[in-house]
Amino acid sequence: MVLGGLTACGPAVLPGEGVIEDPTEDANRAMYDFNVAVDRALVRPVSQGYGTVVPEPVRNGVRNFSSNLDQPLMVVNDVLQLQFADAFQNTFRFLVNSTFGLAGLLDPATDMGIYAADTDFGETMHVWGVSEGGYVVLPILGPSTSRDTVGLIVDAAMNPTRLAFSTPESDYVTGTNVGDALDTRYRYTNEVDRLYYESVDGYSQARSLYLQNRRYELRGSAQAEYFDPYSDPYSDPYEDPYAN
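What comes next is a walk through the structure. (Residues numbered from 1 in each chain as written. Predicted model: local features only at pLDDT ≥ 70, side-chain atom pairs only at ≥ 80, totals over all residues. Heavy atoms only, no water.)

Points about the pattern of salt bridges
Stage number 1. Per the stated rule, a full pass over the model turns up 15 salt bridges.
Stage number 2. Of the charged contacts, one joins arginine 185 and aspartate 39 as a salt bridge, the two residues approaching to 2.8 Å between their closest N and O atoms. Within this pair, whereas arginine 185 is found in helix H8 (residues 169–187), its partner aspartate 39 is found in helix H1 (residues 25–53), the two being separated by 146 residues in sequence.
Stage number 3. The class for arginine 185 is buried, based on a relative accessible area of 7%.
Stage number 4. We note a salt bridge from arginine 214 to aspartate 120, for which the minimum N-O separation is 2.9 Å. On the criterion of sequence distance, the pair formed by arginine 214 in helix H10 (residues 202–217) and aspartate 120 in the loop between helix H4 (108–111) and helix H5 (121–128) is long-range, its members being 94 residues apart.
Stage number 5. Residue arginine 214 is classed as buried on the basis of its relative accessible area of 7%.
Stage number 6. Several salt bridges share partner residues, and in doing so they unite Asp22, Glu25, Arg29, Asp201 and Arg207 into one network. (Salt bridge = Lys/Arg side-chain N within 4 Å of Asp/Glu carboxyl O. Helix = DSSP H or I, 4+ residues; strand = E, 2+ residues; numbered from the N terminus. Buried < 20%, exposed > 50% of the residue type's maximum accessible area, 1.4 Å probe, protein only.)

The structure is reproduced here in structure tokens:
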């Protein structure tokens, strides 16, 4: 159904500022509540243990290694988007970190000013003209859209570095991804806790923040449509600007 929105040319036109397509809100809210329950019972306590027990240099190394494994996938998506400058940048970054960075455990590329040009297949479909689709809440993974959900599946299937590993090496790769996710939850403890456990309507706030940030990330017209929730110093950054 999502691929049916593919057009012949040009990037997809993003919904206008303030527009949210959430046709399955009841199901999404149920999944959001499930994710909060899993976070409360499992993810948060494990991430706190991980962040407390594992030294920060080790956590940084795991995060760097996991990030480095994603660089070839970004190169593939850059080429599919005809973004050859970004493809060169991501390739160079991968080569630097894979050699001088001890297989990606260190990040000398950033110190050299070679930053990742983040992208994914969801963005590739946006460039191809696939519409955003409806808002979706995925189990464990959280906020997404119909287009980005397809993008996640395609990225997982065509990631060159992950395809290159077989058991048991592939299990190590999975372990670094889990470690990276736990570290992210630990580093953003206050922000996630406020959203999950202190907000009046965490679902609406999570939806709003995700769509704002995702639309901003997309190239071209997306940046012009971004609404900065922090532009008013007296506003609540977790208030849903789309509520009205």
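A word on unusual backbone geometry
Stage number 1. Positive phi values are uncommon outside glycine, yet alanine 103 reaches one of about 65°.
Stage number 2. Tracing the backbone through its elements, the reader meets alanine 103 in the loop between helix H3 (84–99) and H4.
Stage number 3. In this structure alanine 103 comes out as partly exposed when scored by relative accessible area, which is 45%.
Stage number 4. One non-glycine residue, isoleucine 140, lies in the positive phi region at around 70°.

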